[in-house]
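Observations on the three-dimensional arrangement
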Amino acid sequence: MYTNKTPRSPFVALMTAVIPVLLFVLPAAGQHSMDRDTSLTGAEWEAFNKTVVQAIHSENQGVKEGGLVQIAYYGDYLDFPELTVFEVMRMYRDHKDPQIQRLAIVALANMGSRWAIEFLDMLAPYEDNETLKKTMEDVVREARAEMGS
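Please read these numbers as outputs of a predicted model, since none were measured by experiment. (Residues numbered from 1 in each chain as written. Predicted model: local features only at pLDDT ≥ 70, side-chain atom pairs only at ≥ 80, totals over all residues. Heavy atoms only, no water.)

Observations concerning the confidence of the model for the chain
Looking at the chain as a whole, the pLDDT averages 83, with 74% of positions reaching at least 70. Contacts from residues 24-35, a stretch scored under 50 in pLDDT, to residues over four places away or in other chains number four contacts. (pLDDT = per-residue confidence, 0-100. Contact = heavy atoms within 4.5 Å.)

Digging into the packing of aromatic side chains
Two descriptors summarise a pair of aromatic rings, namely the distance from one centre to the other and the angle between the planes of the rings. Using the criterion set out here, one finds seven aromatic pairs in the structure. Measuring from centroid to centroid gives 5.9 Å for W45 and F48, while their planes differ by 75°, and the two rings are edge-to-face. Residue W45 and its partner F48 are both found in helix 2 (residues 42-56); the two are separated by three residues, about one turn of the helix. Judged by relative accessible area, which is 22%, F48 ranks as partly exposed. Ring geometry for F48 versus Y74: centroids 5.5 Å apart, planes at 85°, classification edge-to-face. With F48 in helix 2 and Y74 in helix 3 (residues 61-74), this residue pair connects regions lying 26 residues apart in the sequence. Note on Y74: relative accessible area 18%, which makes it buried. (Phe/Tyr/Trp six-rings, centres within 6.5 Å; stacked < 30°, edge-to-face > 60°. Helix = DSSP H or I, 4+ residues; strand = E, 2+ residues; numbered from the N terminus. Buried < 20%, exposed > 50% of the residue type's maximum accessible area, 1.4 Å probe, protein only.)

So, helix 2
The terminal C-alpha atoms of helix 2 lie 21 Å apart, and with 15 residues this matches the ideal 21 Å at 1.5 Å per residue to within 8%. Within the span of helix 2, buried status applies to W45, N49, V52, V53, A55 and I56. End-on, the buried residues of helix 2 take up no more than an arc of 155°, which puts them together on one face. Structural note: helix 2 exposes A43, E46 and K50 on the side pointing more than 90 degrees away from its buried face. Packing partners of the buried residues in helix 2 comprise helix 3 and helix 4 (82-94). (Expected span 1.5 Å × (residues − 1). Arc of directions from axis to C-beta.)

Remarks on the packing of helix 4 against helix 5 (residues 98-109)
Contact geometry for helix 4 and helix 5: axes closest at 8 Å, N-to-C directions at 150°. With respect to helix 5, the element helix 4 is oriented roughly antiparallel. Viewed along their axes, helix 4 and helix 5 form a crossing whose handedness is left-handed. From helix 4, V85, V88, M89, M91, Y92 and R93 reach across to helix 5, where they touch Q101, A104, I105, A107 and L108. (Axes fitted to C-alpha atoms, helices over the stretch in contact; angles between N-to-C directions. Parallel < 35°, antiparallel > 145°, perpendicular 65-115°, else oblique. Left-handed = near helix turned anticlockwise from the far one by under 90°.)

Re the layout of surface pockets
Its boundaries defined by the atoms lining it, the largest pocket holds a volume of some 360 Å³. In terms of lining residues, the largest pocket is bounded by 17 residues, among which A109, N110, I117, A143 and E146 are the most central. Listing elements by their share of the lining of the largest pocket, those giving two or more residues are helix 5, helix 6 (114-123) and helix 7 (130-148). A per-element tally of the lining of the largest pocket places helix 7 first, with six residues. Within the lining of the largest pocket, the residues separate by chemical class into eight nonpolar, four polar and five charged. (1 Å grid on protein atoms, 1.4 Å probe; cavity = no way out; pocket = protein on both sides within 12 Å on 5 of 7 lines; lining within 4 Å. Points joined across faces, edges and corners; volume = space filled by probe spheres on them. Nonpolar A, V, L, I, M, F, W, Y, C, P; charged D, E, K, R; others polar.)

Right, here's the structure in full:
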């Protein structure tokens, strides 16, 4: 069988495979950088805030956990009703997975609630899991340092 194709060099074949992957991966990796997008409009932040609060109060456990991630990442930019703070505290207390409990502690730290910080301070001495206890102590120490300054 005769084909009119010329053989490619190994380098050209490699670049043909690698370039599309890089074009796909590099923008995706950039989206996960630690820079927070503060260029949102006030209306966009308000809509995002409302969605995160709804997620925390959802019956779907995955949606709730997704809300925790958003609070842990963007909580400094959002405002939360007390009931939402209570729900995140409930997630810390009642969840069986220590990673989700730790995520809830970090979320509480970013919710701007003095009550949550005092509650974590009160519970820390009674926490059996050393990782959670250390996270709670670090959160309380950092919050107190910020309040003092």
